[in-house]
Amino acid sequence: MFTHKRADFGQDFIFGAATASYQIEGGQTDGRGSSIWDTFSATPGNVRDGDTGRVACDHYNRWPEDLDLLADGGFDAYRFSFAWPRLIPEGTGAANPKGIDFYDRLIDGMLERGLKPFATLYHWDLPSALQDRGGWMNRDIAAWFADYAVLVNSRFGDRLAATATINEPWCVAYLSHMLGIHAPGYRDIRAAARVSHNVLLTHGTAIAALRAEGAKNLGIVCNFESAQPASDSPEDREAGRLWDGVFNRWYLDGLFKGRYPDDVLAQFGPHMPQAYTDDMAVVSAPLDWFGINYYSRSLWAHDPRRSAFPLRQVEGPLEKTAIGWEIYPQGLEDILTRISDDYTKLPLYVTENGMAEVEGTDDPRRVAYYDAHLGSVLAARQRGADVRGYFGWSLLDNFEWAEGYDKRFGLVHVDYQTQKRTPKTSYRAFQTLLTGANNPR
Ligand SMILES: OC[C@@H]1[C@@H](O)[C@H](O)[C@@H](O)c2nc(CNc3ccccc3)cn21
């Protein structure tokens, strides 16, 4: 079990678990439109074992059981995402009544169980029809997304505890348009530069539209890692700092200082959209809270072979998870205090933290991982960071993007042949922390 007690976090601290629509819902029916992850995963070579989200955890049909797992575990909140193609199949235009009905029932189901709905408007499943129109590379996506956000707010906003516009703009931009590892799979510095701006412009445009509708408790979720040099050489120290710019400072500086970091701009060079500086007031729109996803650290060395972003990742020596990420709890304390000290005094939520582990329901390593990272949250709070909540990633084993179903992050095991859910030891650890009991269902 954990070494911490619920009282250590204060009575108002929120504990939750997180998921995302494409990773768990399945339900490619009832008017849901195609998403870029449907097409990306259907393309051979993009996802391990050719896995897709066609069925996933069948959450579209099994959501009552999954909400029961959250309630029985003693969680206060559920971080979920809306599937844009389920609500507006073509991305713009007519809404899908069956999509609205699904999320109506899901959100009411949370409220009936005393779970606070923490919503994310976009967790990577862009409607394919919008990709046909340029997707994130088209500046018009800001208006398309704002209209979608206003629809969500009009139908569900009065029941949501908190709303994030976008999950992990770095993944939407760099991972998906520079590295090509996620959908739509571009490997193009010009696309990456333009999307790195458009994704934040879209966020800010949606915030303005939602404010005009009277929406409250608005934020964004960004992913951070502790970017460190692979050696003490000046070149490697510069490489570590540049990656910190790419992964962390681009978003922190953009959102909270209204400017992009010069070292990253220098790498993007002439590929930035013209007059992007005119958008920075919109990009840095005031927020009500800020979400931090943290998993690990990364080590970087100078790589002179590369004209842009001259760096390469180096494998580190620390214990690793089943997805190969080093276990480095200190990095969570560091990023929380850095954001609080250098960027914003907004309420902070750890909106994702967790680890991939080999299949099985007894997961002592994951218990130790969570215990250590919860300790980092406490340490950051003691250093003045206003951390208001923590969400474990993930409630369920699920579709892990390019890794398919091979990598399991769940507190609850899923047998994909039978869809049987089985709480793991780590779920029991949270249940004991949150309810004082270890009451197997
Ligand atoms: O990979 C685990 C989770 C993933 O399932 C979530 O959908 C996503 O929000 C998420 N973000 C990270 C951290 N960022 C990241 C870094 C490299 C590749 C992919 C994601 C991890 N995760």
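Residues numbered from 1 in each chain as written. Predicted model: local features only at pLDDT ≥ 70, side-chain atom pairs only at ≥ 80, totals over all residues. Heavy atoms only, no water.

Peer 1: What is the right way to read the overall build of the protein chain from this model?
Peer 2: In terms of helices and strands, the protein chain carries 15 helices and eleven strands. Taking the principal axes of the C-alpha coordinates as reference, the protein chain spans close to 60 × 50 × 45 Å. Restricting the contact set of the protein chain to residue pairs at least 6 apart, pairs at least 24 apart contribute 75%. Distance between charge centres in the protein chain, computed from 45 positive and 58 negative side chains, equals 1 Å. (Helix = DSSP H or I, 4+ residues; strand = E, 2+ residues; numbered from the N terminus. Contact = heavy atoms within 4.5 Å. Lys, Arg positive; Asp, Glu negative; His and termini not counted. Charge placed at Lys NZ, Arg CZ, Asp CG, Glu CD.)

Peer 1: Would you mind going over the environment of Arg 86 with me for this structure?
Peer 2: Of note, Arg 86 is situated in helix 4 (residues 84-87). Expressed as a C-alpha distance, the spacing of Arg 86 and Ser 35, which sit 51 residues apart in the sequence, is 9.2 Å. There is a polar contact of 3.1 Å between the side chain of Arg 86 and the backbone oxygen of Gly 26. (Polar contact = N/O pair within 3.5 Å; in protein donor to acceptor, adjacent residues only side chain to side chain.)

Peer 1: Explanation requested: the packing of helix 8 (residues 169-177) against helix 10 (residues 234-257) in the structure shown.
Peer 2: For any two helices packed against each other, the geometry is given by the interaxial angle and the distance between the axes. Viewed as axis vectors pointing N to C, helix 8 and helix 10 meet at an angle of 140°, and their least axial separation amounts to 10 Å. Handedness of the crossing formed by helix 8 with helix 10: right-handed. Across the interface between the two elements, Pro 169, Trp 170, Ala 173 and Tyr 174 from helix 8 touch Trp 243, Val 246, Phe 247 and Tyr 251 from helix 10. Counted by class, the contact of helix 8 with helix 10 contains eight nonpolar, no polar and no charged residues. (Axes fitted to C-alpha atoms, helices over the stretch in contact; angles between N-to-C directions. Left-handed = near helix turned anticlockwise from the far one by under 90°. Nonpolar A, V, L, I, M, F, W, Y, C, P; charged D, E, K, R; others polar.)

Peer 1: Any chance you could explain the pattern of salt bridges here in plain terms?
Peer 2: When the charged atoms of two side chains lie near each other, side chains of opposite charge can form a pair. Scanning the model with the defined rule gives 34 salt bridges in all. The salt bridge involving Glu 403 is made with Arg 48; its shortest N-O contact spans 2.9 Å. Of the two residues, Glu 403 sits in the loop between strand 9 (387-393) and strand 10 (412-415) while Arg 48 sits in the loop between helix 2 (36-42) and helix 3 (59-72), which places them 355 residues apart along the sequence. In this structure Arg 48 comes out as partly exposed when scored by relative accessible area, which is 36%. When salt bridges that share partners are traced, they join Arg 48, Glu 403, Asp 406 and Lys 407 into one network. (Salt bridge = Lys/Arg side-chain N within 4 Å of Asp/Glu carboxyl O. Buried < 20%, exposed > 50% of the residue type's maximum accessible area, 1.4 Å probe, protein only.)

Peer 1: Sorry, what's going on with the UniProt feature "binding site: substrate" (unreviewed entry) in the protein chain here?
Peer 2: Under the feature "binding site: substrate" (unreviewed entry), the UniProt entry names Gln 23, His 123, Asn 167, Tyr 295, Trp 393, Glu 400 and Trp 401. Within this annotated set, the largest pocket is lined by Gln 23, His 123, Asn 167, Tyr 295, Trp 393, Glu 400 and Trp 401. Take Gln 23: it is sitting in helix 1 (residues 21-24). The class for Gln 23 is buried, based on a relative accessible area of 0%. Every residue in contact with Gln 23, bar those within four places of it in the chain, is listed here: Ala 56, Cys 57, His 123, Trp 393, Asn 398, Phe 399, Glu 400 and Trp 401. (UniProt positions renumbered as here; feature names shortened; annotations may be inferred. 1 Å grid on protein atoms, 1.4 Å probe; cavity = no way out; pocket = protein on both sides within 12 Å on 5 of 7 lines; lining within 4 Å.)

Peer 1: Is there a simple way to explain helix 7 (residues 141-156) in this structure?
Peer 2: For an α-helix the count is 3.6 residues per turn, leaving residues at separations of three or four pointing the same way. Here helix 7 spans 22 Å end to end across 16 residues, near enough to the 22 Å set by a 1.5 Å rise per residue. Taken together, the buried positions of helix 7 are Ile 141, Ala 142, Trp 144, Phe 145, Ala 146, Tyr 148, Ala 149, Leu 151, Val 152, Asn 153 and Phe 156. Buried positions along helix 7 lie against helix 4, helix 5 (97-112), strand 3 (116-122), helix 6 (128-131), strand 4 (162-167) and helix 9 (189-212). (Expected span 1.5 Å × (residues − 1).)

Peer 1: Explain the UniProt feature "active site" (unreviewed entry) in the protein chain here, please?
Peer 2: Under the local residue numbering, the UniProt record ascribes the feature "active site" (unreviewed entry) to Glu 168 and Glu 352. In terms of the greatest pairwise C-alpha distance, the residues named above, spread along 185 residues, form a tight cluster of at most 10.5 Å across. Here the residues from the annotation list that line the largest pocket are Glu 168 and Glu 352. Accessibility expressed as a relative area gives 7% for Glu 168, which makes it buried. Not counting the four nearest positions on each side in its chain, Glu 168 is found in contact with Trp 124, Val 221, Cys 222, Asn 223, Asn 293 and Glu 352. As for its position among the elements, Glu 352 is in strand 8 (residues 348-353).

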